[in-house]
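Below are the chains, spelled out letter by letter.
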Amino acid sequence: MRPGADFTLASGPTTISPRALAALAHPVVSHYDPDFVDLYRRAEADLARLFCTGHDVLMMAGEAVLGLEAAVAGLARPGGHGLAVVSGMYGAFLADELRAHGMTVDEVRADFNDAVDVDRVEEALERHPDIELLTVVHCESASGTVNDAEQIGQVARRHDVTVIVDAVASLGGMPLRPDEWGLDICVAGPQKCLGGPVGLALVSVSPRAWARMEANPAAPRNSYLSLLDHRDKWIRNGRFTCAPPVSDVYAAAAVFEEVLEEGLEARYERHARAAAACRAGITGLGLELWASSEDVAAPAVTAATLPDRVTPAEVVAHVRQQYGVMLSDGAGVGNFVRIGHMGETSRSMYPVLGVVALGQALLDLNVDVDVGAGAAAATAALAGPRRRGGPR
Ligand SMILES: *Cc1c(COP(=O)(O)O)cnc(C)c1O
């Protein structure tokens with residue numbers, strides 16, 4: 001039996017690109033092999049282009065959560081005042097991280113099917129001029145919504161507040177401009193919209209973030225979590241803090257190249273189109289979108305609300321068992337399932353496949369949906385313009 005689903009349309013890790021898969025088979029060389037060092041430097045330069053940043057970028061050995069924890073550890077301090085923008089599970093995680101580092105935390109919240117109102121962020125910063133650090137999730141993949149990281153970044157910049165952005169599910173899938181938007185640290189991973197493997201935290205760091213970390217006595221040193229160590233050893237002196245996961249770096253380098261060859265704009269457009277197709281398909285089935293409006297729906301993943309008599313767990317299990325397609329459940333947030341359309345799975349007919357597999361599974365579970373209408377609506381959203389003339 002072949003292990004794993006035939007189609008991984010989960011909300012990440014997503015289906016890996018063939019080029020990245022081939023790169024994983026590269027021999028494991030010493031991390032100081034000059035060829036590897038060259039490749040690593042090239043990958044960093046490509047990563048900076050993906051992040052649209054002129055600032056430092058780094059790759060840490062560990063899942064993206066490592067990067068998020070490192071960012072908070074470097075910038076949070078006991079007794080400091082933080083503002084967490086919370087519109088989903090990952091936003092709540094960052095709020096807890098700030099508290100775990102001894103910060104006093106205010107939260108600006110939205111329902112977990114919605115985006116946070118930027119005016120309320122501004123009000124909070126005006127009410128508490130001592131707020132020094134803000135956390136926000138750009139694409140809340142746990143429930144398929146997006147926050148306006150651009151506006152939030154600009155508000156924070158006006159108040160001289162350092163911003164940490166969880167961009168794990170947005171990098172490569174939707175516009176992200178840390179330098180222009182005032183986002184001090186952005187954290188991503190290769191396994192979402194880039195279509196790479198899990199195992200690296202991709203981080204961009206602004207000069208202001210470095211300065212504030214340096215001035216923060218609580219920022220870790222001599223630690224796996226230390227961004228400052230990484231800067232001092234690797235960026236400044238060409239010595240790795242530890243052996244990087246060589247195979248993951250080969251694969252990440254391959255997807256960075258692949259994405260840049262395609263072009264960021266083309267890639268954003270593809271994710272937007274796949275998301276629109278998925279939304280049309282879900283509505284066509286007769287289900288409701290979980291997102292409160294199309295405006296806040298994510299390009300990377302779409303959540304479909306389920307009727308009360310079925311649970312996300314049973315639906316996801318049935319789709320997987322019967323149809324070989326891996327979707328994601330509601331992450332404990334609500335009664336919905338998620339269809340990912342990131343990286344490879346934002347191509348081609350993948351969104352249609354996700355809609356049809358979900359629809360047929362629901363029919364099997366005695367939920368009345370119109371699979372044909374879902375398929376037709378999703379497919380029509382992917383269709384090009386009709387050809388004129390020619391034989392009928
Ligand atoms: C995938 C993802 C992460 C990483 O979390 P995992 O639970 O380890 O997958 C963090 N934030 C966001 C927004 C993500 O999409």
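In what follows, the structure referred to is the one given above.
This text gives an overview of the structure that appears in the document. (Residues numbered from 1 in each chain as written. Predicted model: local features only at pLDDT ≥ 70, side-chain atom pairs only at ≥ 80, totals over all residues. Heavy atoms only, no water.)

**A look at helix α9 (residues 227–237)**
Every buried residue of α9 is accounted for by Leu227, Leu228, Asp229, His230, Arg231 and Trp234. Buried-residue contacts for α9 involve α2 (34–50), β2 (56–61), α3 (64–75), β9 (185–188) and α8 (207–214). Where α9 begins, one side-chain oxygen reaches toward the backbone nitrogen of Leu228, 3.4 Å away; that side chain belongs to Ser226. (Buried < 20%, exposed > 50% of the residue type's maximum accessible area, 1.4 Å probe, protein only. Helix = DSSP H or I, 4+ residues; strand = E, 2+ residues; numbered from the N terminus. Contact = heavy atoms within 4.5 Å. Polar contact = N/O pair within 3.5 Å; in protein donor to acceptor, adjacent residues only side chain to side chain.)

**A closer look at the site of the ligand**
Around the ligand, the surrounding shell consists of Glu63, Val65, Tyr90, Val137, Cys139, Ser141, Asp166, Val168, Ala169 and Lys192. For the ligand, an oxygen atom lies 2.8 Å from a polar atom in the side chain of Tyr90. Residue Lys192 places a side-chain N or O atom 2.6 Å away from an oxygen atom belonging to the ligand. Calculation on the ligand without its partners gives an accessible area of 380 Å², and the protein chains cover 82% of this total. Of the residues belonging to the shell around the ligand, the class tally is six nonpolar, one polar and three charged. (Near = heavy atom within 4 Å. Areas by Shrake-Rupley, 256 points an atom, 1.4 Å probe, with all protein chains shown as cover. Nonpolar A, V, L, I, M, F, W, Y, C, P; charged D, E, K, R; others polar.)

**Remarks on helix α11 (residues 264–285)**
Its 22 residues place the ends of α11 32 Å apart at the C-alpha level, agreeing with the 32 Å of an ideal helix rising 1.5 Å per residue. The positive-phi residue at the C-terminal boundary of α11 is Gly286, with phi of around 105°. (Expected span 1.5 Å × (residues − 1).)

**Some points on the pairing of strand β12 (residues 301–305)**
Counted residue by residue, β12 has four buried out of five residues, so it is predominantly covered. Relative to β12, strand β11 (residues 288–289) is paired through two bridges, and the arrangement is antiparallel. Paired with Glu288 across the bridge in β12 is Thr305. In this sheet, strand β14 (residues 336–340) lies alongside β12 in antiparallel orientation, the contact comprising five bridges. For Val301, the partnering residue across the bridge sits in β14 and is Gly340. (Pairing = 2+ DSSP bridges.)

**Some remarks on the sheet that holds β14**
Read across the open sheet, the three strands follow the order β11-β12-β14; overall the sheet is antiparallel. Each edge of the open sheet carries a strand with a single partner, namely β11 and β14. Strands β11, β12 and β14 of the sheet are contacted by α11, whose axis makes an angle of about 10° with β12. (Axes fitted to C-alpha atoms, helices over the stretch in contact; angles between N-to-C directions.)

**Some words on the packing of α8 against α9**
Their axes nearest at 10 Å, the elements α8 and α9 cross at an angle of 110°. As the angle between them shows, α8 and α9 are arranged roughly perpendicular. Judged by the twist between their axes, the crossing of α8 over α9 is left-handed. Listed contacts from α9 to Trp210, Met213 and Glu214 of α8 are Leu227, Leu228, Arg231 and Ile235. Here the contact of α8 with α9 is composed, by residue class, of five nonpolar, no polar and two charged. (Parallel < 35°, antiparallel > 145°, perpendicular 65-115°, else oblique. Left-handed = near helix turned anticlockwise from the far one by under 90°.)

**Details of the nonpolar core**
Of all hydrophobic cores here, the largest spans 56 residues; its most connected members are Val121, Leu134, Leu202 and Phe256. Top contributing element to this core by residue count: helix α10 (residues 246–262), with 11 residues. Not counting residues up to four positions away in its chain, the partners in contact with Val121 are Leu83, Val85, Val108, Val116, Leu134, Ile152 and Val155. By size, the runner-up hydrophobic cluster in this structure holds 32 residues, among which are Ala84, Val187, Ala209 and Met213. (Core = buried A, V, L, I, M, F, W, Y, C linked by side-chain atoms within 4.5 Å.)

**A closer look at the sheet that holds strand β4 (residues 104–109)**
Read across the sheet, seven strands follow the order β2-β10-β9-β8-β5-β3-β4 without closing on themselves; strand pairing throughout is mixed. Unpaired on one side and paired on the other, β2 and β4 mark the two borders of the sheet. Averaged over all adjacent pairs, the angle separating strand axes in this sheet is 20°, with direction ignored. Note: strand β8 (residues 162–166) against β9, three bridges, orientation parallel. When the bridges of β9 are listed, Ile164 appears paired with Ile185. Against the sheet, α2 touches β2 and β10 (200–205), its axis set at about 120° to β2.

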